[in-house]
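# Structural description and commentary
One-letter residues, chain by chain:
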Amino acid sequence: MTAASLGVPLPGAAVPSRGGSKKVLPGFNLTLGYTLLYLSLIVLIPLSALVFKSFTLSWDQFWTAISSPRVLASYRLTFGASLVAALVNVVFGLLVAWVLVRYSFPGKKIVDALVDLPFALPTAVAGIALTALLSGNGWIGQYLEPMGIKLAFNPNGVVIALIFIGLPFVVRTVQPVLEDNEKELEEAAMCLGATRWQTFARVILPSIAPALLTGFAMAFARAIGEYGSVIFIAGNVPMVSEITPLVIIGKLEQYDYGGATAVAVVMLVMSFLLLLVINALQGWQRRRSGGA
Amino acid sequence: MSDLSKKRVTATEAPWARRLLIGVALAFILLFLVLPLAAVFAEALRQGAGAYLAALREPDAWSAIRLTLITAAIAVPLNLVFGIAAAWAIAKYDFRGKAFLTTLVDLPFSVSPVVAGLIYVLLFGAAGWFGPWLAAHDIKIIFAVPGIVLATIFVTFPFIARELIPLMQAQGNEEEQAAIVLGANGWQTFWHVTLPNIKWGLIYGVILCNARAMGEFGAVSVVSGHIRGQTNTMPLHVEILYNEYQSVAAFAVASLLALLALVTLVIKSIVEWRHEREMKAAAEMPPERPVLKEAT
């Protein structure tokens, strides 16, 4: 998240091991023991309950639960909208990061602080605020609706809520990399006759590509699981604007614990895969910035 | 000086392009961040300050506020202790499986809040693993306050640890080792050496953790049961009011949460500026890059 802005002035500065001297510090057993205990109680055991519960389903039950038309439609919406939102965030997140790092303008510090609003604003508040803006009688919606553009209570609303949620991820991963970028390289490119656009595409873009991809993956991962901001604006019509987390809640409300578990397992597997991808991307980014 | 600035000018865009980019970026921020925030307060005050205050004086609103504060007051300190312990173990020592452990600490971030709520229902709900035992002993976790606290702890689990781990790794062990060699015990070393070094990261993690703890919706919504006046946190109360078409009341409670978000952002910015200043002072490099001076 925003750890980069605080904790990473020295990229990849993990202290190399110095053998025995590390053991001088006390507290290893205590802190590691407590970490493992707390991790197990809060995260690992509850998550394993999900996996074990899914084992009580037969394969047929499991498959029926995760592949009914309504659930499939919810995957399409959740993944499709998350993808579109993350792509929009890549473009505008890069733009905002660029403007914040490279240019000066009045109110820059306020804009910089405001970028983190989606992290700090409760999702339910974001959801009702966006709905109030975009619904037919809202500040923005009242002008768009007569033109035939509907942004609330349909998949468009889902995408907009997910753009809001994902924006800081791209800005905050790209920003520190842009700050560290050496202007000399760009100046060299200019001296060698490159246009500004060529410099951007051939020199700047490759150097921020890992960060951009990381931000994209984080925004995408967050968007897939998002619930609070989406349900207010989505309209939640089955087969049309119902997201996967809402399908899980729907099954729970009908006491279909097996079905809810099965769909949750699908989501959990997706989160695991994305987490691995993000870790790999961050490793790539660290090696890049370490080698530069 | 003039020579230098001329050179800088060549490595940037034409003024019109710069203005265009700034304009588009600001328009995007205005549309997606400022307008929703303004809408919250505008909708809350739509029928005047009287209706706004009346909505906040509702007993149900008060009980929601109380429950939210209680939840955060339990979840944040627990995750703070965990965050410090995990960061100490991971940053100060080498052991096998360290990278894997770090990934596991991050795990709750990538789990959907709804799934986070569901796992506690599967454990403690009426049909869950411990459900029958809990029912026999008349202990309620799901659809009660303990479930809300548990779900909140899960969702905010990594916040403080992941702020502290990179920070403590970057700082290394030398200062702590010096303290130990000079005769300090482990607790003194932590209190007098480590804690002052990590204080900004710590505050930063705590306020972000707190904002999420007070604002969590999805996970809490699954385990709460939505009992008015009993298991309603502020975000859940917003939802109930909104669905009952009590728009002003919903936005009034929401405006409190929006204020919390603004306060969080202000504290966060202050912490960042302080930290930056300390870093600069520590680096002892007064002539920073001239570009930065121009920028401010």
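Please read all numbers here as calculations on a predicted model, not as lab measurements.

### Some points on the overall build of chain B
The secondary structure content of chain B amounts to 15 helices and zero strands. Taken against the 2.2 N^0.38 rule, which gives 19 Å for 296 residues, the C-alpha radius of gyration of chain B at 24 Å runs more than 25% over that of a compact globule. Dimensions of chain B, computed from C-alpha atoms along their principal axes, come out at roughly 75 × 60 × 30 Å. With 296 residues in all, chain B has 53% of them scored as buried. In chain B, of all internal contacts separated by at least 6 residues, the share reaching a separation of at least 24 is 72%. A total accessible area of about 13400 Å² is found for chain B, and carbon and sulfur atoms account for 67% of it. In chain B, which carries 22 positive and 21 negative side-chain charges, the distance between the mean positions of the two groups comes to 5 Å.

### Details of the overall build of chain A
Broken down by element type, chain A carries 14 helices and zero strands. Looking at chain A residue by residue over its 292 residues, the buried ones come to 57%. Here the contacts in chain A between residues at least 6 apart in sequence split such that 75% fall between residues at least 24 apart. Carbon and sulfur atoms make up 68% of the accessible area of chain A, which totals about 12400 Å². Each charge class in chain A can be summarised by its mean position, and for the 19 positive and 14 negative side chains these summaries are 6 Å apart.

### Some points on the interface of chain B and chain A
If you look at the interface, chain B gives 107 residues, while chain A gives 96 residues. For chain B, the biggest contributors to the area lost against chain A are B:F28, B:L33 and B:Y93; these three give 7% of the whole. Between the two partners, chain B and chain A, sit one salt bridge. A salt bridge links A:D116 to B:K268; the shortest N-O distance between them is 2.5 Å. Scanning the region where chain B abuts chain A turns up eleven residue pairs in polar contact (both at pLDDT 80 or more). Of all the elements, helix 2 (residues 15-44) of chain B adds the most residues to the side of chain B that touches chain A, at 20 residues. Per-class residue counts for the side of chain B that touches chain A are 74 nonpolar, 18 polar and 15 charged.

### Concerning the pattern of salt bridges
Following the criterion strictly, the structure yields 16 salt bridges over all chains and no others. Across the pair A:R222 and A:E226 runs a salt bridge, and its minimum N-O distance is 3.0 Å. Between B:R228 and B:E244 there is a salt bridge, with its nearest N and O atoms 2.9 Å apart. Highlighted residues: B:R228 in the loop between helix 12 (218-224) and helix 13 (234-243) and B:E244 in the loop between helix 13 and helix 14 (247-283), separated in sequence by 16 residues. Members of the salt-bridge network, linked through shared partners, are A:D112, A:D116, A:R172, B:K268 and B:E272.

### Some words on the side chain of B:E43
In this fold, B:E43 is placed in helix 2. Accessibility expressed as a relative area gives 9% for B:E43, which makes it buried. Discounting residues that sit within four places of it in the chain, B:E43 has contacts with A:A132, B:S247, B:V248 and B:F251.

### A closer look at helix 2 of chain B
For helix 2 of chain B, which comprises 30 residues, the first-to-last C-alpha distance of 41 Å matches the rise-based estimate of 44 Å (1.5 Å per residue) to within 8%. The principal kink in helix 2 of chain B, of about 40 degrees, is found at B:L30.

### Examining the environment of B:H275
Residues and elements named next belong to chain B. Its place among the elements puts H275 in helix 14. Note on H275: relative accessible area 11%, which makes it buried. Sequence separation of H275 and R46 is 229 residues, and the distance between their C-alpha atoms is 40 Å.

### A look at the packing of helix 7 (residues 123-134) of chain A against helix 2 of chain B
The description of two packed helices rests on the angle between their axes and on the distance between the axes. Look at helix 7 of chain A against helix 2 of chain B: their axes get within 8 Å of each other, and the N-to-C directions meet at 85 degrees. With respect to each other, helix 7 of chain A and helix 2 of chain B are oriented roughly perpendicular. Residue-level inspection shows A:V125, A:A129, A:L130, A:A132 and A:L133 of helix 7 of chain A in contact with helix 2 of chain B, the latter providing B:L35, B:P36, B:A39, B:V40 and B:E43. For the contact of helix 7 of chain A with helix 2 of chain B, the per-class residue count stands at nine nonpolar, no polar and one charged.

### Some words on unusual backbone geometry
Phi is positive for A:N236, which is not a glycine, with a value near 55 degrees. Mapped onto the fold, A:N236 is located in the loop between helix 12 (228-234) and helix 13 (244-253). For A:N236, a relative accessible area of 26% puts it in the partly exposed group. Phi is positive for B:Y245, close to 60 degrees, though the residue is something other than glycine. With respect to the helices and strands, B:Y245 occurs in the loop between helix 13 and helix 14. Of the residues examined, B:Y245 reaches a relative accessible area of 75% and is grouped as exposed.

### Comments concerning the confidence of the model for chain B
Residue and element names in this part refer to chain B. Averaged over all residues, the pLDDT of chain B equals 89, while 92% of them reach at least 70. Within chain B, helix 15 (residues 290-295) has the poorest average pLDDT of any element, 44, and helix 8 (residues 145-156) the best, 96. Confidence drops under a pLDDT of 50 for residues 1-9, and excluding neighbours within four residues, the segment shows seven contacts in the predicted structure.

### A few points about the confidence of the model for chain A
Residue and element names in this part refer to chain A. Counting all residues, the mean pLDDT for chain A is 87, and 91% of those residues have values of 70 or more. Taken element by element, chain A is modelled with least confidence in helix 1 (residues 3-7), mean pLDDT 39, and with most confidence in helix 4 (residues 69-102), mean pLDDT 96. Here residues 1-22 scores under 50 on pLDDT; set against residues more than four positions off or in separate chains, the count is 50 contacts.

### Let's talk about a negative patch on the surface
A grouping of A:E179, A:D180, A:E182, A:E184 and B:E276 is seen on the molecular surface, where their side chains present a negatively charged patch. Mapped onto the fold, A:E179 is located in helix 9 (residues 155-180). The class for A:E179 is partly exposed, based on a relative accessible area of 42%.

Calculation criteria
Residues numbered from 1 in each chain as written. Chains lettered and ligands numbered in written order. Predicted model: local features only at pLDDT ≥ 70, side-chain atom pairs only at ≥ 80, totals over all residues. Heavy atoms only, no water. Helix = DSSP H or I, 4+ residues; strand = E, 2+ residues; numbered from the N terminus. Rg over C-alpha atoms; globule rule 2.2 N^0.38 Å. Buried < 20%, exposed > 50% of the residue type's maximum accessible area, 1.4 Å probe, protein only. Contact = heavy atoms within 4.5 Å. Areas by Shrake-Rupley, 256 points an atom, 1.4 Å probe, with all protein chains shown as cover. Lys, Arg positive; Asp, Glu negative; His and termini not counted. Charge placed at Lys NZ, Arg CZ, Asp CG, Glu CD. Buried area = accessible area lost by both parts, 1.4 Å probe. Salt bridge = Lys/Arg side-chain N within 4 Å of Asp/Glu carboxyl O. Polar contact = N/O pair within 3.5 Å; in protein donor to acceptor, adjacent residues only side chain to side chain. Nonpolar A, V, L, I, M, F, W, Y, C, P; charged D, E, K, R; others polar. Expected span 1.5 Å × (residues − 1). Bend = angle between axes of the 7 residues up to and from the residue. Axes fitted to C-alpha atoms, helices over the stretch in contact; angles between N-to-C directions. Parallel < 35°, antiparallel > 145°, perpendicular 65-115°, else oblique. pLDDT = per-residue confidence, 0-100. Patch = residues over 30% accessible without salt bridge, like charges linked within 9 Å, V, L, I, M, F, W, Y side chains within 5 Å.

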